[in-house]
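Structural description and commentary
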Amino acid sequence: MSLDSDSSSQGGDHRSFRQITRDRLLFEMLRSTRKDSKSAWKVLIMDKFTVKIMSYSCKMADITEEGVSLVEDLYKRRQPLPSMDAIYFIQPTKENIVMFLSDMSGRSPLYKKAYVFFSSPIQKDLVSQIKKDLSVLPRIGALSEMNLEYFPIDSQGFITDHERALEELFCESAEGFNKYNACLNTMATRISTVFASMREFPRVHYRVAKTIDASTMTTLRDMVPTKIAAGVWNYLSKYKTSIPEFPQTETCELLIVDRSVDQIAPIIHEWTYDAMCHDLLFMDGNKYVHEVPSKNGSASEKREVLLEEHDPVWLELRHAHIADASERLHDKMTHFVSKNKAAQLHQARTGAELSTRDLQKMVQALPQYSDQIDKLSLHVEIAGKLNSIIREQCLRDVGQLEQDLVFGDAGTKELINFFRTQLGVSRENKLRLLMIYAAINPEKFESDKGTKLMQLAGLSADDMIAVNNMRCLCTDTKKASGGGFTLKFDVHKKKHGHRKERTGEESAWALSRFYPVLELIEKLSKGELPKDEYNCMNDPSPSFHGLPTTTSTSARTSPAHSMRSRRTGGSWARPRGSDDGYSSDSVLKHASSDFKKLGQRIFVFIIGGATRSELRAAHKLTSKLKREVILGSSSLDDPPQFITKLKMMSAEELTLDDLQI
């Protein structure tokens, strides 16, 4: 079964990035086995990596609906089911092939027939190994490359699951050279499978190594974007001949950069509801654990919930400022109660205005509304907890200084005064402040000033490693002989901001001045990337146009134009007057309305971890540029995770000459 063209460069009804991935797994893989199989129910067998791919896109109910009655781990002891067919979704590794052959070979195979789907291209020698086993060949119903080896974390975001990319790619040591190459190869493979799934052929832009000239030595870390781009291009070239319906002309843009493009975004406090939840609540991925009253009226019990796009309240509020989210949640509760006669009667008796917590308790006591109010009550609780943490940790003061440092309204004097007076601020938040200061003022750390600041902040030796290792993410090593920071930003005077205020985008909410580096995406959309900093793997085809097509006629006549419908104008753009307390405010309810034609997709891949602020920017830029922006990265990091990864890096620097390459 081939992928429907409406997801690709040919146009048609828009499906989100995650929806396309889900449809491929359920229909192109699972459903396709129904044609030849006589078994009504099948066993689905996956390895540890592919089970994560499946779990990011599909629910167990979806899988069951496609005729799968049992999901098994390839490496666990399994019960023989010789009357049932099996679907294998596995990585094409030597170890996996050995396990598959042991399942299906000999006189007593575990399953009647096997339909094998590989997550990425398989090497020829492994195919030969399968063909050599004559007892297995007749039992194979399908042998196919799915080319799907990424995790969709959002309708416009994905990761390649390289949690140690910073350590393996930017921590240059002779012992790590094998890890360096292995990480590069698997990352390039997984990025390329995104385009196989989307049926998109990108124009591959990448940040060039800054130190490639006769007078300087090129470091391995500086070559990372170039090597990733070359690897992706190699796979894309093969897709053009190996994948049916894969475009032969460019249909989109891909920009590959590393974490050096913006060192502040992973560290600074982001004040949106989504970012605050993940930064402050110690969540396990998107899983939040809270206490709810037990059904029998005894002590409360813990319940796990997923804060994801299927939750309409989360979908609406995730990109809102925490203060705005809190206000809107109170408005929803108030509106809900105003429609309920019992609540109105209670308020009339007491004569007092109800708080958000009072409203929450009241509606929880109304069983007929329990289904509707569950999610709303959950988010009232979360917002309340976040606001308490913000007060307890003095985060408003921390956030204000962060913003002032970035925009040039504060400097060394203000930072020293803060460390001396704000004794209640945690060591972690002082560390984050100092890392921001170091990124803006690298020259301060070429002397003992940096050490004195770290001592004043009361940082541990472990914390100092994180600050010092930021130099591994520098974009220019020519000035790094003293071991200090070297960024491309030429701002060393106190009142010269690291960021300029964005005109026309003033926020009504405090602490929202900071923004991730967006200019690159906007320049890419206009075809204005600096040629001395960014190269392109492929010259554009004659039919390639980067800007959105304006008429539907041209979309039909030029297959190289990626035209599709998409809901635009997120919940942040919806008039407040449309709130009704719950149902009609659901973004999901309006998902099929307000469609506009978008231009070609823009993919941006950040090596070394992306942030939630950058994911939010992808959504916002989609509306602004009228082109769907999809953000990819090796991982999605919250500030504590990013700082931990910096601590794991070694500051030892190794050059290509050292390795005699």
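Check the entry above for the structure.
A brief structural summary.

Parameters and conventions
- Residues numbered from 1 in each chain as written.
- Predicted model: local features only at pLDDT ≥ 70, side-chain atom pairs only at ≥ 80, totals over all residues.
- Heavy atoms only, no water.
- Core = buried A, V, L, I, M, F, W, Y, C linked by side-chain atoms within 4.5 Å.
- Buried < 20%, exposed > 50% of the residue type's maximum accessible area, 1.4 Å probe, protein only.
- Helix = DSSP H or I, 4+ residues; strand = E, 2+ residues; numbered from the N terminus.
- Contact = heavy atoms within 4.5 Å.
- Axes fitted to C-alpha atoms, helices over the stretch in contact; angles between N-to-C directions.
- Parallel < 35°, antiparallel > 145°, perpendicular 65-115°, else oblique.
- Left-handed = near helix turned anticlockwise from the far one by under 90°.

Here the focus is the nonpolar core. Among the nonpolar cores identified, the biggest contains 120 residues, and Phe 89 and Leu 169 are the most heavily contacted of them. Looking at this core element by element, the count peaks at 10 residues for helix α7 (residues 177-198). Not counting residues within four places of it along the chain, the set of residues in contact with Leu 169 comprises Tyr 180, Cys 183, Leu 184, Met 187, Arg 221, Val 224 and Ile 607. In this structure, Leu 317, Ala 320, Leu 376 and Val 380 belong to the second largest nonpolar core, which totals 30 residues.

What follows is about the side chain of Asp 23. Here Asp 23 is to be found in helix α1 (residues 17-30). Residue classification places Asp 23 among the buried positions, given a relative accessible area of 9%. Other than its neighbours up to four places away in sequence, Asp 23 contacts Arg 15 and Glu 28.

Moving on, we get to the packing of helix α17 (residues 427-440) against helix α19 (residues 461-468). Contact geometry of α17 with α19 gives a least axis separation of 10 Å together with a crossing angle of 25°. It follows that α17 is roughly parallel to α19 by the angle criterion. Crossing hand, α17 versus α19: right-handed. Facing α17, whose interface residues are Arg 427, Leu 431, Met 435 and Ala 438, α19 presents Asp 463, Ala 466 and Val 467.

Before going further, it helps to spend a moment on the environment of Arg 190. Here Arg 190 shows up in helix α7. A relative accessible area of 9% means that Arg 190 is categorised as buried. Through-space distance from the C-alpha of Arg 190 to that of Glu 149 is 5.1 Å; in sequence the pair is 41 residues apart. Excluding residues within four positions of it along the chain, Arg 190 makes contact with Phe 49, Gln 91, Glu 149, Tyr 150, Thr 160, Asp 161 and His 162.

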